[in-house]
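This is what each chain is made of:
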Amino acid sequence: MSSTQAEELQGKIVESTNLEKRAADILTRLRSLREQDAPTHGGRVLSYVYDSGLAALDELAADAARLVQPVNGLDPTVFPSTAVMERELVAFAREFLHGASDPAADTDTDTDTDTGGVVVGNVTSGGTESCVLAVKAARDFRGLPPGEGSLVLPTTAHAAFHKAAHLLGLELILVPVDPTSGRVGAQDIATAVRKDTVLIVVSAPNYPFAALDPIADVAEVARAHSIPLHVDACIGGLALPWWGDLPPWDFQVPGVTSMSVDFHKYGYSPKGVSVLLHRGRDLHRKQYFGLTDWPGYPVVNPTLLGSKSVAALAGAWAISQVLGQSGYAELVSRAQRATRALIETAQSIDGLRVVGSPVGPLFAVATDGSVPLERRVDPHRWVSAVGARGFVLQGQPASTQPDGTVLPRTTHLTVTPVTESVLGELTNALVLGADDVRGLAAAEAPPALAELAGAFERGDVTVADVLALPSDAVAAALRSAGLDPRGSADSPLDMAAVLAAVESLPREVTKRLLVEFLAGLVEP
């Protein structure tokens, strides 16, 4: 093809009518692809998605996102609208988290991160980025170089803190929680603290069991050791303020120095948008990365991203401006009614029990070990049975803590306002699903992986042996276990069997296997 012909062809491709047809075709394909996804609206999925039940909020967020679609959040001096939206969203968050500054505290000279500093912060791309940046700020505030320092957190703290420790070269000190309540003990935190500890983390509430850690008690420990304390309220930060009578858990507590709250959860904005708040400007500034000694433009980033979309920020800002605290309070009341009804249902099902005393619009369900075997319900088989009745629950594997105690395998349910509209159907699915699997033994790992677990028990293979395998060998092992990422959609993933494998194999091995599976899923 000559250059002239190529230019003519290119001109035809971008010709308006042809472009419109091609655009219509690709959107048709996207709609077809979306039909394969779990439903994001209507209360059918009790994890991952947060549905207010108000279509007007979705439209508002979409309209706001379209208005800022071409904007680059890298430089708010060029796009000042981004600074206005971020400033107002941060102010909104710190108000309902009791971080609104008083005139005496809001001074340039007040750098007390313990009790009196002004609360400031930024919008991030999600909870993980907020958590990583909270750790980074605390590490840099302490003045330790990369590769030094430790991070103290309960075993139930979010995986994002494991990622932060890995990325920042910090030693992770995991503190066991009470297997019955899912809460960490303040004295256990105090015992775990070291001289090089840069940050203590607690949850409001934690994701696995919805337990609210004893934040005031841990804050006293943090203050006694002059260590910053981060409250991870990514999932509860936009629910607990209106949940009712709770012990202090936010910036009301002296010693709380930073908090994270996700607006793409119970703020109902598009993913991903979170707010990270710090008590004191000096701590906050350590979150930033700045560079002027290179030939390009001066780089100053409050987040890990440089160039970034502000679509989710615009959506969160618009929704928060429209709803205000009273609107969020009403939506929380709907989720709360649904949560209480579902907890009552789960507690009434023979063979199951609710773990601990959940706080907020989420909870976990485990097998009731006090009843005879024939009456017990395995929570992972229950997930499958309820799934067959049209609702997606989330299985969580059993986990052995550093002290040898075991946290039970569970089913996790995240409840949103829209859940109230399907409460009758969901309740029936939970009850009948339990009837379907009552008395059945727990699912087993796929035979090939069960055989591998046996090899570990016999000492025929070590973790190092598996970790040394090349990618192709690990992928072949997955295929032999029936876990082919390119498998047919007619053979959905048996999550009960996958979780059984997670429980039976060393965790470093299952991590390696699942990395290979997910990588293969998106590999061209």
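> Looking at this structure, I do not really get the overall build of the protein chain. What am I missing?
Tallying secondary structure elements over the protein chain gives 17 helices and 15 strands in all. By the compact-globule yardstick of 24 Å for 524 residues, the protein chain fits well, its C-alpha radius of gyration being 25 Å. Across its three principal axes, the protein chain shows a C-alpha extent of roughly 75 × 65 × 50 Å. For the protein chain, buried positions account for 48% of its 524 residues. Partitioning the intrachain contacts of the protein chain with sequence separation of at least 6 by distance along the chain shows that 73% fall at a separation of at least 24. Approximately 24600 Å² of the protein chain is accessible, and the part contributed by carbon and sulfur atoms is 55%.

> Is there a simple way to explain the sheet that holds strand β6 (residues 256-262) in this structure?
Note: strands within a sheet are paired through backbone hydrogen bonds, in either parallel or antiparallel orientation. Judged by pairing direction, the sheet is mixed, and its seven strands sit side by side in the order β1-β7-β6-β5-β4-β2-β3 without closing on themselves. Among the strands making up the open sheet, the edge pair consists of β1 (119-124) and β3 (171-175). The sheet shows a mean angle of 20 degrees between the axes of neighbouring strands, taken without regard to direction. Relative to β6, strand β5 (residues 229-232) is paired through four bridges, and the arrangement is parallel. In the sheet register, Leu229 faces β6, and the bridge partner there is Val256.

> I keep staring at the packing of helix α10 (residues 311-348) against helix α12 (residues 423-437) and nothing clicks. Help me out?
When two helices pack together, their arrangement is captured by the angle between the axes and the distance separating the axes. Relative orientation of the contacting elements α10 and α12 amounts to 25 degrees, with a least axis distance of 10 Å. With respect to their mutual orientation, α10 and α12 come out roughly parallel. Handedness of the α10/α12 crossing: right-handed. Of α12, the residues touching α10 (which contributes Ala338, Ala341, Leu342 and Thr345) are Leu423, Leu426, Thr427, Leu430 and Val431. Of the residues in the contact of α10 with α12, the class split is seven nonpolar, two polar and no charged.

> Help me out: how do you make sense of the pattern of salt bridges in this one?
Per the stated rule, a full pass over the model turns up 18 salt bridges. The partner of Glu425 in a salt bridge is Arg44, with the nearest N and O atoms 2.8 Å apart. One end of the pair, Glu425, is in helix α12; the other, Arg44, is in the loop between α2 (16-34) and α3 (55-67), with 381 residues separating them in the sequence. Relative accessible area serves as the criterion here: at 40%, Glu425 is assigned to the partly exposed category. You can call Arg44 partly exposed: its relative accessible area is 23%. In this structure, Arg139 engages Asp140 in a salt bridge whose closest nitrogen and oxygen atoms are separated by 2.6 Å. On the basis of relative accessible area, Arg139 is assigned to the buried category, the value being 6%. Salt bridges linked by common partners bring Lys136, Arg139 and Asp140 together as one network.

> Honestly, the pairing of β5 in this entry has me stumped. Any pointers?
On any regular strand, side chains alternate: one points to one face of the sheet, the next to the other face. Side chains Leu229 and Val231 project from β5 onto one buried face, and the interleaved His230 and Asp232 project onto a second face that is buried too. Relative to β5, strand β4 (residues 197-203) runs parallel, the two being bridged by four bridges. Considered in β5, the bridge of Val201 is made with His230. Handedness of the β4-helix α8 (residues 215-224)-β5 crossover: right-handed.

> So what exactly am I meant to see when it comes to the sheet that holds strand β10 (residues 352-354) here?
Spatially, four strands are ordered β10-β11-β15-β12 in an open sheet, and the strand pairing comes out antiparallel. Either end of the sheet is taken by a strand with one partner, and the two such strands are β10 and β12 (394-396). Strand after strand, the sheet turns through a mean of 30 degrees between neighbouring axes, direction not considered. Along the sheet, α10 makes contact with β10 and β11 (362-367), crossing β11 at roughly 5 degrees.

> Explain helix α4 (residues 80-96) to me, please; I cannot follow it from the model alone.
Since the α-helix packs 3.6 residues into each turn, any two residues three or four apart lie on the same face. With 17 residues, α4 should reach 24 Å at 1.5 Å per residue; the first-to-last C-alpha distance of 25 Å fits that figure. Of all the residues in α4, the buried ones are Thr82, Met85, Glu86, Leu89, Val90, Phe92, Ala93 and Phe96. What you see down the axis of α4 is that its buried residues fit within an arc of 160 degrees, all on one side. Contacts from the buried residues of α4 go to β1, β6, β7 (274-279) and α10. After α4 finishes, the residue His98 shows a positive phi value of roughly 60 degrees.

> Where do I start with α3 in this structure?
Its 13 residues give α3 an end-to-end C-alpha distance of 19 Å, which sits within 8% of 18 Å, the value for a rise of 1.5 Å per residue. For α3, every residue scored as buried is listed here: Leu57, Ala61, Ala64 and Ala65. One face of α3 carries all of its buried residues, which in axial projection span an arc of 100 degrees. Those residues of α3 that are exposed and aimed more than 90 degrees away from the buried face are Ala55, Ala56, Glu59, Arg66 and Leu67.

> Where do I start with the environment of Arg66 in this structure?
Tracing the backbone shows Arg66 in helix α3. Considered as a pair, Arg66 and Ala314 are 248 residues apart in the sequence and their alpha carbons are 9.2 Å apart.

> I tried to follow empty space enclosed by the protein on my own but got confused; where do I start?
If a probe as big as a water molecule is rolled over the atoms, it shows which places are left empty. Counted according to the given criterion, the structure contains one cavity of 30 Å³ or more. The space that makes up the largest cavity amounts to roughly 60 Å³. In terms of lining residues, the largest cavity is bounded by 14 residues, among which Gly43, Val45, Val49, Asp51 and Thr416 are the most central. Of the residues contributing to the lining of the largest cavity, the split by class is five nonpolar, seven polar and two charged.

> Would you explain the nonpolar core in this entry?
Soluble globular proteins tend to pack their nonpolar side chains together in the buried interior. Within the largest apolar cluster, 75 residues are counted, with the highest numbers of intra-cluster contacts made by Ile189, Ile200, Ile215, Trp249, Phe263, Val275 and Tyr328. The greatest single-element share of this core, amounting to ten residues, is contributed by α10. Beyond its immediate chain neighbours, meaning those up to four positions away, Ile215 contacts Val202, Ser203, Ala204, Leu229, Val231, Pro248, Trp249, Val253 and Val256. Listed in part, the 26 residues of the second largest apolar core include Trp382, Val422, Leu423 and Ala434.

What counts as what
- Residues numbered from 1 in each chain as written.
- Predicted model: local features only at pLDDT ≥ 70, side-chain atom pairs only at ≥ 80, totals over all residues.
- Heavy atoms only, no water.
- Helix = DSSP H or I, 4+ residues; strand = E, 2+ residues; numbered from the N terminus.
- Rg over C-alpha atoms; globule rule 2.2 N^0.38 Å.
- Buried < 20%, exposed > 50% of the residue type's maximum accessible area, 1.4 Å probe, protein only.
- Contact = heavy atoms within 4.5 Å.
- Areas by Shrake-Rupley, 256 points an atom, 1.4 Å probe, with all protein chains shown as cover.
- Pairing = 2+ DSSP bridges.
- Axes fitted to C-alpha atoms, helices over the stretch in contact; angles between N-to-C directions.
- Parallel < 35°, antiparallel > 145°, perpendicular 65-115°, else oblique.
- Left-handed = near helix turned anticlockwise from the far one by under 90°.
- Nonpolar A, V, L, I, M, F, W, Y, C, P; charged D, E, K, R; others polar.
- Salt bridge = Lys/Arg side-chain N within 4 Å of Asp/Glu carboxyl O.
- Right-handed = clockwise from strand over helix to strand, strands pointing away.
- Expected span 1.5 Å × (residues − 1).
- Arc of directions from axis to C-beta.
- 1 Å grid on protein atoms, 1.4 Å probe; cavity = no way out; pocket = protein on both sides within 12 Å on 5 of 7 lines; lining within 4 Å.
- Points joined across faces, edges and corners; volume = space filled by probe spheres on them.
- Core = buried A, V, L, I, M, F, W, Y, C linked by side-chain atoms within 4.5 Å.

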